[in-house]
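# A closer look at the structure
Residues per chain, in single letters:
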Amino acid sequence: MRALVVYESMFGNAQRVAQAIADGLSDARCMVEVDEVAEAPDHVADTVDLLVVGGPTHTFGLTRPATRASAAEASPDAVVSRGNGVREWLEELAASEGGTRAVAFATRAGRPRFLKYVGSVSKTIERRLAARGYQPLAHHESFFVGGQQGPLEEGEEARARAWGRTLGERLHELRG
Ligand SMILES: Cc1cc2nc3c(=O)[nH]c(=O)nc-3n(C[C@H](O)[C@H](O)[C@H](O)COP(=O)(O)O)c2cc1C
């Protein structure tokens, strides 16, 4: 089984989640490639069994040039993703003819508490993947950061790894 994990990240939190998901998929005997979104192919090869796509929630949605600029300004270090984001990548993504499996994730602020219940960008990504012919392997998932710039809340990296392992196991079951 082959998986491609595509992520966008400003302060490194979604990057850590992407890597943890990839580690979980590897635990479940999948071969995994992890690409920062600017490096990711617009056309996902037919040999890929699972596409995982995720990134940060900005203003209740996908990042935009203006929100990325404001994150870069706020960050004491260089941000991870300096080119286009997941929004632009999904616009260019070639349709999946064979209904490749896909799953979406996001990172979001866990505080104030109400933010946990509004503006799920992982759902937006899931819908856009479906519009491109990708079939969901599992429900989209959010991972929470403590403050605007992180770090991830305690246990979130482990939860991402466990989620990745579950995805890998489900993929094996589907393919028999
Ligand atoms: C401009 C901007 C807008 C944000 N808007 C939201 C928001 O609407 N909801 C939310 O939960 N988090 C919001 N956040 C927090 C981000 O989700 C958080 O910085 C991100 O998940 C961290 O992941 P990253 O380090 O990979 O970028 C925002 C952050 C920035 C910089």
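The structure we're discussing is the one just above.
Residues numbered from 1 in each chain as written. Predicted model: local features only at pLDDT ≥ 70, side-chain atom pairs only at ≥ 80, totals over all residues.

### Brief notes about helix α5 (residues 156-175)
Helix length check: α5 (20 residues) gives 29 Å between terminal C-alpha atoms against 28 Å at 1.5 Å per residue, within 8%. Those residues of α5 that sit buried are E156, A160, R161, W163, G164, L167, G168 and L171. End-on, the buried residues of α5 take up no more than an arc of 160 degrees, which puts them together on one face. Relative to its buried face, α5 has exposed residues pointing more than 90 degrees away, namely A158 and E173. For α5, the elements touching its buried residues are α1 (13-27), β3 (50-56), β4 (101-109) and β6 (141-145). (Helix = DSSP H or I, 4+ residues; strand = E, 2+ residues; numbered from the N terminus. Expected span 1.5 Å × (residues − 1). Buried ≥ 20, exposed ≤ 12 C-beta atoms within 10 Å, placed from the backbone. Arc of directions from axis to C-beta. Contact = placed C-beta atoms within 7 Å.)

### Regarding the site of the ligand
In the neighbourhood of the ligand, 24 residues make up the surrounding shell, with S9, M10, F11, A14 and T107 lying closest. If you list the elements that add at least two residues to the shell around the ligand, you get α1, α2 (65-74) and β4. (Near = placed C-beta within 6 Å.)

### Re the pairing of β6
β6 sits mainly inside the fold: four of its five residues count as buried. Note that β4 and β6 share five bridges and pair parallel. Bridge pairing in β6 places F105 opposite E141. (Pairing = 2+ DSSP bridges.)

### Focus on the packing of α1 against α5
Relative to each other, α1 and α5 sit at 40 degrees, their axes nearing to 6 Å. Considering their axes alone, α1 and α5 lie oblique with respect to each other. Handedness of the crossing formed by α1 with α5: right-handed. Along its contact with α1, which presents R16, V17, A20, I21, A22, D23, G24, L25 and D27, the element α5 presents E157, A160, R161, A162, W163, G164, R165, L167 and G168. Of the residues that constitute the contact of α1 with α5, the class distribution is nine nonpolar, three polar and six charged. (Axes fitted to C-alpha atoms, helices over the stretch in contact; angles between N-to-C directions. Parallel < 35°, antiparallel > 145°, perpendicular 65-115°, else oblique. Left-handed = near helix turned anticlockwise from the far one by under 90°. Nonpolar A, V, L, I, M, F, W, Y, C, P; charged D, E, K, R; others polar.)

### Examining the nonpolar core
Ranked by size, the top nonpolar core spans 43 residues in total, and within it V5, I21, L50, V52 and V53 carry the most contacts. Put simply, the parts of the chain that give this core at least two residues each are β1 (2-7), α1, β3, α3 (86-92), β4, α4 (121-131), β6 and α5. Counting residues per element, this core draws most heavily on α1, at seven residues. Beyond its immediate chain neighbours, meaning those up to four positions away, V52 contacts A3, V5, I21, V103 and F105. (Core = buried A, V, L, I, M, F, W, Y, C linked by C-beta atoms within 7 Å.)

### Points about the environment of E154
Among the secondary structure elements, E154 is positioned in the loop between β6 and α5. Separated by 10 residues in sequence, E154 and F144 place their C-alpha atoms 9.0 Å apart.

### Thoughts on the environment of A102
Among the secondary structure elements, A102 is positioned in strand β4. Sequence separation of A102 and V145 is 43 residues, and the distance between their C-alpha atoms is 24 Å.

Everything listed here is a matter of geometry and, on its own, says nothing about what the molecule does.
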